[in-house]
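Read off the chains here:
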Amino acid sequence: MTTPAADLPVSRFRRALQEPVTFLMALAFVNMLGYAGWVTLFNNFAKDAARFSGADIGLAQSVREIPGFLAFTAIYWFMVMREQTVAFIALLVLGAGIALTGGFPTLTGLLITTFIMSVGFHYFETVNQSLSLQLFPKKDAPRLMGRVAGAAATAQFMAYGGLALLWWSGTQRYDLLFAIIGFACIGITIASFLLFPKFDGPVPQRKSIVLRQRYWLYYALTLMNGARRQIFTAFAGFLLVEKFGYTVPQMAMLLLVTSGLNTFLAPRLGALVGHWGERRTIAIENVVLILVFIGYAVTANATVAALLFIIDGVFSILVIAQRSYIQKIGDAADMAPTAACAFTINHIAAVVIPVFFGMLWLKNPSIVFYLGAAIATTSLTLSFLVPRHPEPGNETIFKERAAAPAE
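What you see is a predicted model, and the numbers here were worked out from it, not measured in a lab. (Residues numbered from 1 in each chain as written. Predicted model: local features only at pLDDT ≥ 70, side-chain atom pairs only at ≥ 80, totals over all residues. Heavy atoms only, no water.)

S.K.: What should I look at first to understand a nonpolar patch on the surface in this one?
M.R.: Together, Leu59, Leu107, Val352, Val355, Phe356 and Met359 make up an exposed nonpolar region whose accessible area comes to about 490 Å². Element by element, the count of residues in the nonpolar patch is highest for helix H15 (residues 348-363), at four residues. Looking at where Met359 falls in the secondary structure, it is placed in helix H15. Relative accessible area serves as the criterion here: at 47%, Met359 is assigned to the partly exposed category. (Patch = residues over 30% accessible without salt bridge, like charges linked within 9 Å, V, L, I, M, F, W, Y side chains within 5 Å. Areas by Shrake-Rupley, 256 points an atom, 1.4 Å probe, with all protein chains shown as cover. Salt bridge = Lys/Arg side-chain N within 4 Å of Asp/Glu carboxyl O. Helix = DSSP H or I, 4+ residues; strand = E, 2+ residues; numbered from the N terminus. Buried < 20%, exposed > 50% of the residue type's maximum accessible area, 1.4 Å probe, protein only.)

Below, the structure written as structure tokens:
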């Protein structure tokens, strides 16, 4: 006969499966497991196997961001299938793109596989943000978003650590490593599809593109965030590889440290967003990023560059503040279409920056990071326009707190 003590872990597991935060944590884990593995290998694979230059890296990163630019099209998929279904399909596409990457060590091959991977990654991120805004109550949203970010960081930790161990054990075939990561994503996605129930937000979502004038500050912050994060994604890691000679296991260990810190800090940073408020959090994030970008531009020390990379990665968690800001000022029925449009806005600069900045990189890499500091300064200025208590009718410091006007 089964004892209550024996039933307890099973009961807790079943209850956890009914929680939206557990569902989003599991899928965010899959998404970041794939993306982190791809990022860890890509720069070295592009340099060693495909002989990429900085300009080629910039081109590949721009192609990677095209699906993000087209993220607004997710709203059309929401018309014919549940957002949860779109999330599962996106993760399967992500896994397939990663599994194929190692077999095509050419510029054309990497552009194609990067695009496939990116379609899955960006569609999932759109759905993830949309469901977070719908399923999490406003009071607890930053804390719960922090837990989801912590799960993603755990996936990063496992991807980086696993790749380092495989590399040191003698498994140094890029095609095999990419395949392991891709098929792991596919397998966990199928398991999640079978385990989790269906989740629906309390308010039906509008099935059309939504752009509202009163959300303008959120759109501007999103655009700046896309620009400055793209510099980190496209060029910070490549700086460590090209200028300081970091190898695959060294990059993996550096990313391992970052993800380990984020696993611990992300839930706590999410809770701090709720304590500090959106305005102060966004300002703090940008002050730190200004200093980081200037540091990238001037340092000639590999250890200092590595520390800047870690700080950059940890403070990226604070983007939670922008998401809780739109949740507080937006209509409940706007969350899905706003998330889709926000990803497109986020990637307007992301499509252009890698190619243009890649050409600047060939002249002087420091120029890229000085421009990053300028972008972060612009975002810092915008943060001062966020009210201390955002809500409908009080979207910026210029508006009186009142009921949201009809639109």
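S.K.: What's the story with the pattern of salt bridges in this structure? I'm lost.
M.R.: Between side chains of opposite charge, a pair can form when the charged atoms approach closely. In the structure shown here, the tally under the stated rule is eleven salt bridges. With its nearest N and O atoms 2.9 Å apart, the salt bridge here joins Asp175 to Arg173. You can call Asp175 partly exposed: its relative accessible area is 33%. Among the charged side chains, a network of salt bridges with common partners joins Arg206, Arg212, Arg214, Asp331, Asp334 and Glu395.

S.K.: Looking at this structure, how should I read the environment of Phe199?
M.R.: Structurally, Phe199 can be placed in the loop between helix H8 (174-195) and helix H9 (216-242). Taking relative accessible area as the criterion, Phe199 reaches 10% and is therefore assigned buried. The spatial distance from the C-alpha of Phe199 to the C-alpha of Glu83 is 9.3 Å, given a sequence separation of 116 residues. Those residues in contact with Phe199 that lie beyond four places of it in its chain are Leu17, Gln18, Glu19, Pro20, Phe23, Arg82, Gln84 and Leu135. (Contact = heavy atoms within 4.5 Å.)

S.K.: Even after reading the chapter, I still don't get the environment of Gly393, so can you show me in this structure?
M.R.: Looking at where Gly393 falls in the secondary structure, it is placed in the segment after helix H16 (365-383). Between the alpha carbons of Gly393 and Phe29 there is a distance of 36 Å; along the sequence they are 364 residues apart.

S.K.: Explanation requested: the nonpolar core in the structure shown.
M.R.: Nonpolar side chains in soluble globular proteins generally cluster together in the buried interior. Ranked by internal contacts, the top residues of the largest apolar core, which has 126 residues, are Phe136, Tyr296 and Phe369. With 16 residues, the single largest contributor to this core is helix H2 (residues 20-48). Leaving out residues up to four positions away in the same chain, Phe136 has contacts with Pro20, Val21, Leu24, Leu131, Ala141, Leu144, Met145, Val148 and Gln327. (Core = buried A, V, L, I, M, F, W, Y, C linked by side-chain atoms within 4.5 Å.)

S.K.: Before we go on, may I ask you to explain the confidence of the model for the protein in this structure?
M.R.: Regions with low pLDDT should not have their predicted coordinates read in detail. Averaged over all residues, the pLDDT of the protein is 87; the fraction at 70 or higher stands at 95%. Counted against residues more than four places away or in other chains, residues 400-407, with its pLDDT under 50, gives 16 contacts. (pLDDT = per-residue confidence, 0-100.)

S.K.: I'm lost on the packing of H2 against H8 in this one. Help?
M.R.: Packed helices, taken two at a time, are described by the angle their axes make and the gap between the axes. Two elements in contact, H2 and H8, have axes whose closest approach is 10 Å; the angle formed by their N-to-C orientations is 170 degrees. Between H2 and H8, the interaxial angle falls into the category roughly antiparallel. Taken together, the residues of the contact of H2 with H8 break down into 16 nonpolar, five polar and one charged. (Axes fitted to C-alpha atoms, helices over the stretch in contact; angles between N-to-C directions. Parallel < 35°, antiparallel > 145°, perpendicular 65-115°, else oblique. Nonpolar A, V, L, I, M, F, W, Y, C, P; charged D, E, K, R; others polar.)

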